[in-house]
Amino acid sequence: QVHMVESGGGLVQAGGSLRLSCAASGIIFSISAMGWYRQAPGKQRELVAFITSGSSTDYADSVKGRFTISRDNAKNTVTLQMNSLRAEDTAVYYCNRYLHRTGWGPRDYWGQGTQVTVSS
């Protein structure tokens, strides 16, 4: 079955950095575009960044210049390096496949995510 295990979240002060990791299984990782998503309190889940099988990337305007998504096909992992964190980055962060046709992830599976809390 599809399984995504997110890790690396925590509490950090504004201006600090965190590196999130995701271990994926149950998918053909090397040909799958992958995305990081987040859901802040009282808000809908949103796409933060995605990376294609060829390692092309795109980012939400709110994180451009601060976050970097990358992948390691040998380890079936995708990472999100987050720098210059702001209080508004506080959210539960999830990884999943990214589906170009819908601009979103699959509807049938979401993992637990990892909590990122940024204090001001």
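For the structure, see preceding data.
A.B. asks: Could you give an account of the overall build of the protein chain, with specific residues and numbers?
C.D. replies: Along the backbone of the protein chain there are 0 helices and 10 strands. Overall, the protein chain shows an N-to-C arrangement of helices and strands of β-β-β-β-β-β-β-β-β-β. Over its C-alpha trace the protein chain gives a radius of gyration of 13 Å, about what one expects of a compact globule, namely 14 Å for 120 residues. Oriented by its inertia axes, the alpha-carbon framework of the protein chain measures out at about 40 × 25 × 25 Å. Out of the 120 residues belonging to the protein chain, those deemed buried represent 44%. As displayed, the protein chain offers around 6300 Å² of accessible surface, 46% of which is attributable to carbon and sulfur atoms. When the 12 positive and 8 negative side-chain charges of the protein chain are each reduced to one mean point, those points stand 2 Å apart.

A.B. asks: Now, about the state of the cysteines: what can you tell me, with residues and values included?
C.D. replies: Applying the stated rule across the entire model yields 1 disulfide. Between the sulfur of Cys22 and that of Cys95 lies a disulfide, 1.7 Å long from S to S. Since a negative S-S torsion denotes a left-handed disulfide, the Cys22-Cys95 link at about 55° is right-handed. Here Cys22 is found in strand S3 (residues 18-25), whereas its partner Cys95 is found in strand S9 (residues 91-97), with 73 residues between them in sequence. A single burial state applies to Cys22 and to Cys95, both of which are buried.

A.B. asks: Quick rundown of unusual backbone geometry? Include the residues and the values.
C.D. replies: Despite not being glycine, Ser55 shows a phi value in the positive range, around 70°. As for its placement among the helices and strands, Ser55 is situated in the loop between strand S5 (46-51) and strand S6 (57-59). Residue class for Ser55 comes out partly exposed when judged on its relative accessible area of 44%. Of note, Ser84 is a non-glycine position whose phi angle comes to about 50°, a positive value. With respect to the helices, strands and loops of the structure, Ser84 is situated in the loop between strand S8 (77-82) and S9.

A.B. asks: Any chance you could break down the packing of aromatic side chains for me, citing the residues and the numbers?
C.D. replies: Within a pair of aromatic rings, the relevant descriptors are the distance that separates the centres and the angle that separates the planes. Applying the stated criterion across every chain, the model contains 5 aromatic pairs. Plain terms: the ring middles of Tyr37 and Trp104 are 5.1 Å apart, the flat faces sit at 75° to each other, and that makes the pair edge-to-face. Of this pair, Tyr37 sits in strand S4 (residues 34-39) while Trp104 is found in the loop between S9 and strand S10 (114-119), placing the two residues 67 residues apart along the sequence. On the accessibility criterion, Tyr37 (0% relative accessible area) is buried. Aromatic pair Trp104 and Trp110: ring centres 5.9 Å apart, planes at 45°, arrangement tilted. Put simply, the rings of Tyr37, Tyr94, Trp104 and Trp110 touch in pairs and so form one group of aromatic residues.

Calculation criteria
- Residues numbered from 1 in each chain as written.
- Predicted model: local features only at pLDDT ≥ 70, side-chain atom pairs only at ≥ 80, totals over all residues.
- Heavy atoms only, no water.
- Helix = DSSP H or I, 4+ residues; strand = E, 2+ residues; numbered from the N terminus.
- Rg over C-alpha atoms; globule rule 2.2 N^0.38 Å.
- Buried < 20%, exposed > 50% of the residue type's maximum accessible area, 1.4 Å probe, protein only.
- Areas by Shrake-Rupley, 256 points an atom, 1.4 Å probe, with all protein chains shown as cover.
- Lys, Arg positive; Asp, Glu negative; His and termini not counted.
- Charge placed at Lys NZ, Arg CZ, Asp CG, Glu CD.
- Disulfide = S-S within 2.5 Å.
- Phe/Tyr/Trp six-rings, centres within 6.5 Å; stacked < 30°, edge-to-face > 60°.

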